[in-house]
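Next come the chains, spelled out residue by residue.
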Amino acid sequence: MKIHEYQARQLLADAGVPVPPGDVIESAAEAVAAFERIRRRVVLKAQVFAGGRGKAGFVRLCDNADQVRQAAEFMLANRMVSPQTGPAGIAVKRLLMAEAVDIAHEYYVGMTIDRARGCPVVMVSREGGVEIEQVAARDPQAIIKEWLHPLASLQPYQIRKLTDALGFKQPDPVKAAVKVFQGLASTFLEYDASLAEINPLVLTTEGRLLAIDAKINFDDNALFRHPEIQAMADPTEENPNEIRAHQAGLTYIALDGNIGCVVNGAGLAMATMDLIKLHGGSPANFLDVGGSVTREGAIEAFRILLGEPKVKGVLVNIFGGIAKCDLIAEALVAAAREVGFKVPVVVRLEGTNVERARRIIAEAAIPGLVTAEGLTDAAKKVCAAV
Ligand code: GDP
Ligand code: MN
């Protein structure tokens, strides 16, 4: 689960990280009113679940009410397009206004799980700011890492190493850096985050250290332990189909292509998407209906896919192990009756109760339904049909 920058700033501030205060704003008039209270240079920032805002023009410094109004009107009226959004971009509904800071240097501080080592890792770089992805690709040495025990958290000697790596010498930024690392690690561990980033952490021209951007993602599997984090969810920022699928107990991830996929098992779903690509098509989604899929869950999967205008064909690939092929076949028939197959639906079923499933499908004689023998045949047929 993702949260907005203003929420991440609050969590970090609560954990002792120095963060400039800010106001959340939903209209240009509100922005001007907030500026009138502050009456000095501010930064206006789009609150969306994507980075790259600075370069896209959705982080703006403003010195007067006119600039504030213009920047707010621009951000609320235009979709933000950045390398993290895809070409369609995303609409902006909320802005954060904070007092601007004068930046002497931008650092990167982040924390995630190192899957290879199976433990959390804190990463820092002196070359923070909007180019951190390029820094990581060009010069991995510029990212310094400390791995930590999930129960012991960051040890004082590790905090010293990280603080040294950033090159702080004066007592004030050193003390502030200790708070940043302690606050970041405690927030990450307490809330079962999967990623927490402060980019940039800035040294101001007056020598203060401040976190002026924050991003935190949480492990969905641990959300049940954190109702206060769940309450921060913003469903308007999520793909509506992903929410619907999640509510039906399906694992669904929207993609850019036009071939809808209904598959059971993540591995088979990946293999199915590979085969679609191999035969010249492009998947519209990753969808794992799971082993314990119910009839209602499967029908909902078809409803979601067939309701998506970009889907020009559907590939159903079920290997009946725990899942029963006849249950999927019944769901297919029910979905065909309910929503109708306006696009070709290619079906490949193997495994438990497949004979019964084939009978159900044959007897229903659904227009638009194509059966396939084997996975390659299914992938070729759906690509040809689309
Ligand atoms: P992102 O591009 O989505 O990561 O948004 P950030 O919040 O990181 O802002 C992008 C860039 O805008 C930062 O790296 C800074 O260079 C600049 N910026 C953000 N806030 C301020 C500020 O208060 N003062 C100044 N001078 N620059 C800022
Ligand atoms: Mn940033």
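Definitions and limits used
- Residues numbered from 1 in each chain as written.
- Chains lettered and ligands numbered in written order.
- Predicted model: local features only at pLDDT ≥ 70, side-chain atom pairs only at ≥ 80, totals over all residues.
- Heavy atoms only, no water.
- Helix = DSSP H or I, 4+ residues; strand = E, 2+ residues; numbered from the N terminus.
- Buried < 20%, exposed > 50% of the residue type's maximum accessible area, 1.4 Å probe, protein only.
- Contact = heavy atoms within 4.5 Å.
- Areas by Shrake-Rupley, 256 points an atom, 1.4 Å probe, with all protein chains shown as cover.
- Lys, Arg positive; Asp, Glu negative; His and termini not counted.
- Charge placed at Lys NZ, Arg CZ, Asp CG, Glu CD.
- Phe/Tyr/Trp six-rings, centres within 6.5 Å; stacked < 30°, edge-to-face > 60°.
- Lys NZ or Arg CZ within 6 Å of the ring centre and 35° of its normal.
- Near = heavy atom within 4 Å.
- Polar contact = N/O pair within 3.5 Å; in protein donor to acceptor, adjacent residues only side chain to side chain.
- Nonpolar A, V, L, I, M, F, W, Y, C, P; charged D, E, K, R; others polar.
- Domains from an automatic or database assignment.
- Donors = N, O, S within 2.8 Å, 3.2 Å for Na, K, Ca; no water.

K.L.:
Looking at this structure, I do not really get the overall build of the protein. What am I missing?
P.N.:
Broken down by element type, the protein carries 14 helices and 16 strands. Its C-alpha atoms give the protein principal-axis dimensions of about 80 × 50 × 40 Å. Evaluated residue by residue, the protein yields a buried proportion of 50% over its 386 residues. The contacts of the protein with a sequence gap of at least 6 include a subset with a gap of at least 24, amounting to 69%. When the accessible surface of the protein is split by element, carbon and sulfur atoms take 53% of a total near 18,400 Å². Considering the protein, the positive charge centre built from 42 side chains and the negative charge centre built from 46 side chains are found 2 Å apart.

K.L.:
Looking at this structure, I do not really get the packing of aromatic side chains. What am I missing?
P.N.:
A ring pair, where both rings are aromatic, is described by two values, the distance of the centres and the angle of the planes. Counted by the stated rule, this structure contains two aromatic pairs. Relative to phenylalanine 74, the ring of phenylalanine 58 has its centre 5.2 Å away and its plane inclined at 45°; by these criteria the two rings are tilted. Within this pair, whereas phenylalanine 58 is found in the loop between helix 3 (53-56) and strand 3 (59-62), its partner phenylalanine 74 is found in helix 4 (residues 65-77), the two being separated by 16 residues in sequence. Judged by relative accessible area, which is 2%, phenylalanine 58 ranks as buried. Since its relative accessible area comes to 29%, phenylalanine 74 is described here as partly exposed. Measuring from centroid to centroid gives 5.0 Å for tyrosine 107 and phenylalanine 168, while their planes differ by 65°, and the two rings are edge-to-face. With tyrosine 107 in strand 5 (residues 103-114) and phenylalanine 168 in the loop between helix 6 (156-166) and helix 7 (171-190), this residue pair connects regions lying 61 residues apart in the sequence. Taken individually, tyrosine 107 and phenylalanine 168 each receive the classification buried, so the pair is uniform in this respect. Of note, arginine 60 hangs over the ring of phenylalanine 74, and the distance from its end group to the ring centre comes to 4.6 Å. Cation over ring: arginine 117 sits above tryptophan 147, and NZ or CZ is 3.6 Å from the ring centre.

K.L.:
Just to check I follow, could you spell out the environment of valine 333 for this structure?
P.N.:
Mapped onto the fold, valine 333 is located in helix 12 (residues 325-339). Sequence spacing of valine 333 and alanine 357 is 24 residues, and the spatial spacing of their C-alpha atoms is 10 Å. Each residue touching valine 333, except ones within four places of it in the same chain, is listed here: Ile360, Ala364 and Ile366.

K.L.:
Would you mind going over the side chain of asparagine 217 with me for this structure?
P.N.:
Within the secondary structure, asparagine 217 sits in strand 10 (residues 215-218). Not counting residues up to four positions away in its chain, the partners in contact with asparagine 217 are Met1, Lys2, Ala193, Ser194 and Leu195.

K.L.:
I'm lost on the site of ligand 1 in this one. Help?
P.N.:
Taken together, 17 residues are adjacent to ligand 1, and Lys45, Arg53, Gly54, Val101 and Glu106 come closest. In this structure, arginine 53 approaches ligand 1 through a side-chain N or O atom, which is 2.7 Å from an oxygen atom. Within the backbone of asparagine 199, a nitrogen or oxygen atom sits 3.1 Å from an oxygen atom of ligand 1. Against a free-state accessible area of 570 Å², the protein chains account for coverage of 84% of ligand 1. Elements with a minimum of two residues in the shell around ligand 1: strand 2 (42-46), helix 3, strand 3, strand 5 and strand 8 (193-204). Residue composition of the shell around ligand 1, by class: nine nonpolar, four polar and four charged. Three or more residues apiece are contributed to the shell around ligand 1 by two domains, here domain 1 (1-20 + 102-237) and domain 2 (21-100).

K.L.:
Just checking my understanding: could you explain the coordination of the manganese ion (ligand 2) for this structure?
P.N.:
Angles at a metal have ideal values that depend on geometry: 109.5 degrees with four tetrahedral donors, 90 or 180 degrees with six octahedral donors. Coordination of the manganese ion (ligand 2) by the protein comes from Asn199 (O) and Asp213 (OD), over a distance range of 2.2 Å. Remark: aspartate 213 occurs in the loop between strand 9 (209-211) and strand 10 and asparagine 199 occurs in strand 8; sequence separation between them is 14 residues. The pair asparagine 199 / aspartate 213 is uniform in exposure class, with both members buried.

Remember that the coordinates give geometry; whether it matters functionally is a separate question.
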